[in-house]
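Spelled out, the chains give:
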Amino acid sequence: MNATSSAAVDDPGRVVLLTTSHRVAPGLLSWPAWQTLRAADRVLCADGAHPQLPYLRDAGLAVEESSPTAEELVAACADGGTVVVVATGEGEPALTDGLARLAGSGRVAMPELELLPASYDLPGARLLDLVQVMDRIRAECPWSSQQTHKGLAKYGIEEAYELVEAIEDGDRDELREELGDVLLQVVFHARIAEEDPDSPFSVDDVAGTIVAKLIHRHPHVFGDETATTPEEVKAHWLRTKATEKQRESVTDGVPLGQPGLALAAKLSSRVRTAGLEVPLPASDGIGYELLALAARAEAQGVDPEAALRAAARAYRDAIRGVEGVED
């Protein structure tokens, strides 16, 4: 064996599979990734449209648009060199499977194999995927492309009720799914809003608005005020909300279209919180009796809607028991 062959066996080289996240702005790579890229003998990428390529080339790196087989990649490292493969979105499964087969055969001196994550997703990064998917659905789906805020309104109500049901059932898998369905409604409406000719806004505007509101209404977290109990937090919230809204009545902003028990409880809560003395309307009829029950429940810290749902579920179970239906 000559000296060159001996060196190749002693140092079979190094293959680095560089992975990046499409949810992180291109070019924002870790320092170890940049060091490895600059020190590499060759940098390969199978995807000529990979979002990282322009930034790598701007940094002075020569990136070859190549999709080598496992055998070709091992041969490229045979002189002790380092080859970096910038992975595509799929992660190069064919290449990694081929390298595993070669290593398992025992017939080839394998280079050092390294997986180097060059960027990581931040918490919440998958929301970017949802925005992108919604963009495509809005553009290409015959049904979704025709939807309006008004047409989707009923689905928002349905999904909210299904979320409540999942919470009350204690089903974690169902809870995760229903939270996603509610989130879809938000993103869907925001995507439709982008197309408004007079007053468009995007999901970023929606997020920005709620972020600003949360910061403003939590001065004990983001400001100089203090709060050590839930009651003090609620007091902060109500004060800042009152300043923002400048409402004439405590009833302003209470949606009258919500379920009756919830509406009655909300009005009762507003009256109690404001310290007003407002007697309940004195009249006969089931409606007024229900109003009194809802006000009493709210005063005791009981959600009348949830309480009635729990009782109705028990009634449903009793019905099924009489029918001989097993759950």
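One numbering rule holds for all chains: residues counted from 1, following each sequence as written. The predicted origin of the model limits local features to residues at a pLDDT of at least 70 and limits the giving and counting of side-chain atom pairs to 80 or more, whereas totals for whole chains, interfaces and linings rest on all residues. The side-chain values count all of the structure's non-hydrogen atoms but skip hydrogen atoms and water molecules.

Participant: Any chance you could explain the environment of Gly106 here in plain terms?
Facilitator: Strands here mean DSSP runs of E at least two residues long; helices mean DSSP runs of H or I at least four residues long; both are numbered from the N terminus. Structurally, the position occupied by Gly106 is in the loop between α5 (93–105) and β5 (112–117). Along the chain, Gly106 and Pro26 lie 80 residues apart, while their C-alpha atoms are 38 Å from each other.

Participant: Where do I start with the nonpolar core in this structure?
Facilitator: Put simply, buried Ala, Val, Leu, Ile, Met, Phe, Trp, Tyr and Cys residues joined by side-chain atoms within 4.5 Å make one nonpolar core. Throughout this description, buried means an accessible area under 20% of the type-specific maximum (1.4 Å probe, protein chains only), exposed means over 50%, and partly exposed covers the range between. In terms of nonpolar packing, the biggest core is built from 17 residues, with Leu18, Leu29, Leu37, Val43, Leu56, Val63 and Val84 touching the most fellow members. Contributions of two or more residues to this core are made by β1 (14–19), α2 (31–39), β2 (42–45), α3 (53–58) and β4 (82–86). With 3 residues, the single largest contributor to this core is α2. Contact between two residues is taken to exist if any of their heavy atoms lie within 4.5 Å; hydrogens are not considered. Ignoring any residue separated from it by four or fewer positions in sequence, one finds Leu56 in contact with Leu29, Trp34, Leu37, Leu61, Val63 and Val86.

Participant: Hey, could you run me through a negative patch on the surface in this one?
Facilitator: What goes into a patch is any residue over 30% in relative accessible area without a salt bridge, connected to like charges within 9 Å or, for nonpolar side chains (Val, Leu, Ile, Met, Phe, Trp, Tyr), within 5 Å. Surface accessibility follows the Shrake-Rupley procedure with a 1.4 Å probe radius. Residue values consider only the protein chains on display as shielding. Basic side-chain nitrogens of Lys or Arg form a salt bridge, by our definition, when they fall within 4 Å of a carboxyl oxygen of Asp or Glu. Only four residue types enter the charge count, namely Lys and Arg as positive and Asp and Glu as negative; His and the chain termini do not. By convention, the charge on Lys lies at NZ, on Arg at CZ, on Asp at CG and on Glu at CD. A surface patch of like charges, here negative, comprises Glu158, Glu162, Glu165, Asp171, Glu174 and Glu177. Among the secondary structure elements, those contributing two or more residues to the negative patch are α7 (149–169) and α8 (172–193). In terms of residues, the negative patch owes the most to one element, α7, which gives 3 residues. Within the secondary structure, Glu165 sits in helix α7.

Participant: Is there a simple way to think about empty space enclosed by the protein in this case?
Facilitator: To find leftover empty space, a probe the size of one water molecule is rolled over the atoms. The distinction between a cavity and a pocket rests on a 1 Å grid over the protein atoms alone: a 1.4 Å probe fits inside a cavity but cannot get out, while a pocket stays open yet meets protein on both sides within 12 Å along at least five of seven lines, and a residue with an atom within 4 Å of a point counts as lining. Grid points are joined across faces, edges and corners, and a volume is the space filled by probe spheres set on the points. Across all of its chains, the model carries 1 cavity of 30 Å³ or more by this definition. Here the largest cavity defines a volume of roughly 40 Å³. Lining the largest cavity are Val131, Met134, Asp135, Val187, Ala190, Arg191, Glu194 and Val203. Of all the elements in the fold, those that place two or more residues in the lining of the largest cavity are α6 (126–140) and α8. Only Asp, Glu, Lys and Arg are considered charged, only Ala, Val, Leu, Ile, Met, Phe, Trp, Tyr, Cys and Pro nonpolar, and every remaining residue, Gly among them, polar. Looking at side-chain class alone, the lining of the largest cavity contains 5 nonpolar, no polar and 3 charged residues.

Participant: What is the right way to read a nonpolar patch on the surface from this model?
Facilitator: On the surface, a cluster of nonpolar side chains totalling about 520 Å² of accessible area is made up of Ile210, Val211, Leu214, Ile215, Val221 and Phe222. Counting residues per element, the ones that place at least two in the nonpolar patch are α9 (203–216) and α10 (219–222). The element that contributes the greatest number of residues to the nonpolar patch is α9, accounting for 4 residues. Here Val221 lies in helix α10.

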